[in-house]
Every structure is written in structure tokens, then in C-alpha cells.
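Residue-level structural notes
Residues per chain, in single letters:
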Amino acid sequence: MIDCTHDAAPARWVASARGHADFPLQNLPHGVFSPPGGGPRGGVAIGESILDLPACLEAGLLDGAAAEAAAAATLNGFLALGPAARAGLRGRLFDLLAESAPARVQARARPLLREAAACALHVPARIGDYTDFYAGIQHALNVGRLLRPDQPLMENYKYLPVAYHGRASSIRPSGGAVRRPNGQRKPATETVPSFGPSRNLDYELELGIWVGPGNELGEPVPIGEAAGHIAGFCLLNDWSARDIQGWEYQPLGPFLAKSFHTTISPWIVTPEAMAPFRVAQSPRAEGDPAILAHLHDAQDQAGGALDLELEVLLTTAAMRAAGMPAHRLSLGNARHLYWTVAQMLAHHTSAGCNLAPGDLFGSGTISAPGPDGWGSLLEITRGGRQPISLGTGPLGTVESRRFLEDGDEICFYARARRPGFAGIGFGACRGTILPARAAA
Ligand code: MN
């Protein structure tokens, strides 16, 4: 899995890629972008630039089915490729952008780099179906303790990766405004519900998982083959209206409290780029049940987890106006997931459900064991009962938050590091809350 494309040493001729926190030469994530005045097309992030893949094809710098699939206006064809074709394209892109590329090749490729800041980024694939898991065990425990102090985890939690079917149509790329939803709210202090703006708007820090090659209806993907069906990763914010959720979710689960908007980071970070940052799945606690055979694979347990640092930042409108730095809400790690991404995929297909290239999973909210790493305000403020302070503004004012207010911006970052390797990141997953529409 680790090859010369992970070598930390080679300088690259794209100056902004040298030591870039997110997009050095060793990452090469795929996305769909529009340059100024142009339509959507496939591209690869490199430093502060985007390599325009259709232009590379036209210039004869790339060829083959994999390059064509990666250049298209939606990346479903690219996601359908298996690991071998994806790795082949990665090797070709690495050679093109490495310092060792011949000067004449560099001269031809340089004009095909677009300034990322000037481009619009899109949801990179047509998402057929979206499934949200609940694999962050610390989050499940924290929320469970709020709702059911006697039995925080349901009996099924350690036997299968719990999930619900989400809504694909409302997934949007990072940077967009997020309209506060209206909905039915019924606090414990009221006898009947009222319809109006959510008062308990929250975020959920999640890993997004892009499905690659699909499976036929009725033909489950065995756990040992599941990793080969995953084509990449992103950050995912499962915005959640806790008051609407608390009233509507029984007995079938989340509905409008989640489906009003989901934000993803727009770059697909491939499993090849993440190869150096694979780690063993954390051992199960003493007394936990053994993994059933259809979800157990020795190789997956030995290297199926991701060592990926996850950061959540909040800025309020007042903080931005005063030029204050963002407030860090948490710093966690994707290692704290109780189930691997391969287990999620194998479980999803185990009853016969077919997946397709471009389907998307959310991992579930990822919380670290300690409060500094909790992945939602529901946990950080103990259900809104313990507001957090955001520091002192220039006029001595102190803002606090139970849940998100209008004008608040939430931004996620993800960074993978390992001694001897170039660190990589996912880019931002950002959204700003707009006031609700006037309720009817
Ligand atoms: Mn979620």
C-alpha cells in the first residue's frame, strides 16, 4: 500500500505545495471545480492550486480510462474505479507534479494549474444514497447518558454498526450558508408542540466515506473485500436540530431534524493517500462481545482504523467583526470510532442492499474520551444546560453558547501526521448559520 508516492522527500515544482498543511504532493485529492467563467470539471488539489484534468487530457499529459473518469463533471466514474486504476492515476499525477518531472513537462503543465481561491468547488459526485452511522462510541455514550443514565448504550451497539438512511438531496459543499430550520418543537415544559425556528441547532463532527465500486442487489460484500469498495474520505457536518429531533424521532429515528442540510468538504482524499495513516482498530474493552464473523477480518482489525486528527472551530458574527481568532470547540481523532469503515460497508450490504459508486456514508459523530474532544454542542454543553464561554471581545463583552446562533460559523479541519511521512489534510468543511425563514 505504501509506495514512492508517499515519499516525504521529493520537492515539487508547484511552490505552494511544499509543506502545504492539506494538499502537498503526497495527497492528490480529487474534486469537481469551476474556474472563473468555466463549467464544472474534475481537478486535483495541489498546494493553493487545482490541476485542471480535462485540460491535462487535451494537452496529452494524461491518458487512459482512469484519467478520463477523473476529469468528468461528476466523479461517479472515478469512484467506480478499483484501487489498482486509482493508484495508477495517482502515480501518473505524482510523476507529473514532482520536481523530477522533465522541464518541458513542467512547462506544459504549469498553465493548467488554476488558482484554487478563484474557483468554485462542488459536491464531487452525484450522491445516490446517503447513510449516517453512529459509530462514535464516546458520542453514543455521552448522548445515551443524557437520555438514559441507567443504560447509555442500547444492547445492539457493540454487535452491529447502527445507522439510518439519510437524505442525499440536501448535501452541499463547504462554504455555503445553512438556513436555520423551522420545525415542530415540544420542550418538556410545554404540553403541545409549536412550529417555529429551531432553538437548539447543533453540528455533528463526522468522517464522510465515499463508496467506490458497488455490489449487485442480493450480493453482500464480505468484510475481507469491503475496503476495496471504499474510494475516499471527506469531512461531514451532520447539522442537527436537537429540539425538532427530540420530538419527531420516535419511533422511526431522525427525519427533518437532519435532512434540512448536510455539509461536506469537497475534496475526495483517496485510501492511497491515507495509507501511511492506517492504524490498528482500538482493542475492545474487557467484557465487550466478540465481533460476529461477518464483521471480523484480521487485516481490517490490524490496519482498518484511521489516525486522523479532527478539529472544530467556531466564530460568531461579533468575533469576526472584532477580528478575534476562532474558538476551538474540540480536538479529536477518527481513531475513536468503534467500527471500521470496512465494517460499516460490509454491514450495510450484509442483508443484500446494493451500494453504488458515489453513495456516501457519515461515520456518526466522532468524540474523543475527554471533553476537549467532544464532537457536538449537545455533549459539550450537556444538552444546553452548561453554556460555554467564547472569550472576551474588545469591549469587554463575553459571548456564550448553548447551541448555535444566527451568524455563527462552524469549521472542521482534518489532519493526518506520522513521523517520516508528509502530513496531509482534507481542507475545510465550513458553514454559516442564516436566520430561519419566517414561519407560516
Ligand atoms: Mn450524525
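Report on the accompanying structure.

**Description of the side chain of D202**
- Note that D202 resides in strand β12 (residues 201–202).
- Not counting residues up to four positions away in its chain, the partners in contact with D202 are W239, S240, R242, S376, L377, L378, F403 and L404.

**Focus on the packing of aromatic side chains**
- The full count for this structure, using the stated rule, is six aromatic pairs.
- Taken together, the aromatic side chains of Y134, Y157, Y338 and W339 make up a single cluster linked through ring pairs.
- Cation over ring: R284 sits above W339, and NZ or CZ is 4.9 Å from the ring centre.

**Topic: the sheet that holds strand β5 (residues 120–122)**
- Strands sit in the order β4-β3-β2-β1-β5 across an open sheet of five strands; the sheet is antiparallel. Only two strands of the sheet have a single partner each, and these edge strands are β4 (113–115) and β5. Averaged over all pairs of adjacent strands, the angle between their axes in this sheet comes to 50°, without regard to strand direction.
- Bridge count between strand β1 (residues 30–34) and strand β2 (residues 41–46): four bridges; the pairing is antiparallel. For G31, the partnering residue across the bridge sits in β2 and is G43.
- Helix α4 (residues 83–97) rests against β1, β2 and β3 (49–52) of the sheet, and its axis sits at about 115° to β3.

**Observations concerning the pattern of salt bridges**
- One pass over the structure, following the stated rule, counts 17 salt bridges.
- Linking D52 and R41 is a salt bridge whose minimum nitrogen-to-oxygen distance equals 3.0 Å. Note that D52 is positioned in strand β3 and R41 in strand β2, a separation of eleven residues in sequence.
- In this structure, E409 and R430 form a salt bridge, with 3.2 Å as the shortest nitrogen-oxygen distance. With E409 in strand β24 (residues 409–416) and R430 in strand β26 (residues 429–434), this pair connects stretches of sequence that are 21 residues apart.
- According to the relative accessible area criterion, E409 is buried, its value standing at 14%.

**Let's talk about the sheet that holds strand β7 (residues 163–165)**
- Spatially, the seven strands line up as an open sheet ordered β7-β6-β21-β13-β14-β16-β8, and their pairing is mixed. Whereas interior strands pair on both sides, the edge strands pair on one side only; in this sheet they are β7 and β8 (171–173). Within the sheet, the average angular offset between the axes of one strand and its neighbour, ignoring direction, is 30°.
- Looking at chain direction, strand β13 (residues 205–211) and strand β14 (residues 230–237) are connected through seven bridges and run antiparallel. Residue W210 lies in a different strand from β14, and its bridge partner there is G232.

**Considerations on the nonpolar core**
- Counting 66 residues, the largest nonpolar core has Y203 and M274 as the members making the most contacts within it.
- Per-element tally for this core: the top contributor is helix α13 (residues 341–349), with five residues.
- Contacts of M274, omitting those with residues within four sequence positions, involve F233, V269, L306, L308, A416, I424 and F426.
- Among the nonpolar cores identified, the runner-up in size contains 46 residues, and W13, V32, L62 and A109 belong to it.

Definitions and cut-offs
Residues numbered from 1 in each chain as written. Predicted model: local features only at pLDDT ≥ 70, side-chain atom pairs only at ≥ 80, totals over all residues. Heavy atoms only, no water. Helix = DSSP H or I, 4+ residues; strand = E, 2+ residues; numbered from the N terminus. Contact = heavy atoms within 4.5 Å. Phe/Tyr/Trp six-rings, centres within 6.5 Å; stacked < 30°, edge-to-face > 60°. Lys NZ or Arg CZ within 6 Å of the ring centre and 35° of its normal. Pairing = 2+ DSSP bridges. Axes fitted to C-alpha atoms, helices over the stretch in contact; angles between N-to-C directions. Salt bridge = Lys/Arg side-chain N within 4 Å of Asp/Glu carboxyl O. Buried < 20%, exposed > 50% of the residue type's maximum accessible area, 1.4 Å probe, protein only. Core = buried A, V, L, I, M, F, W, Y, C linked by side-chain atoms within 4.5 Å.

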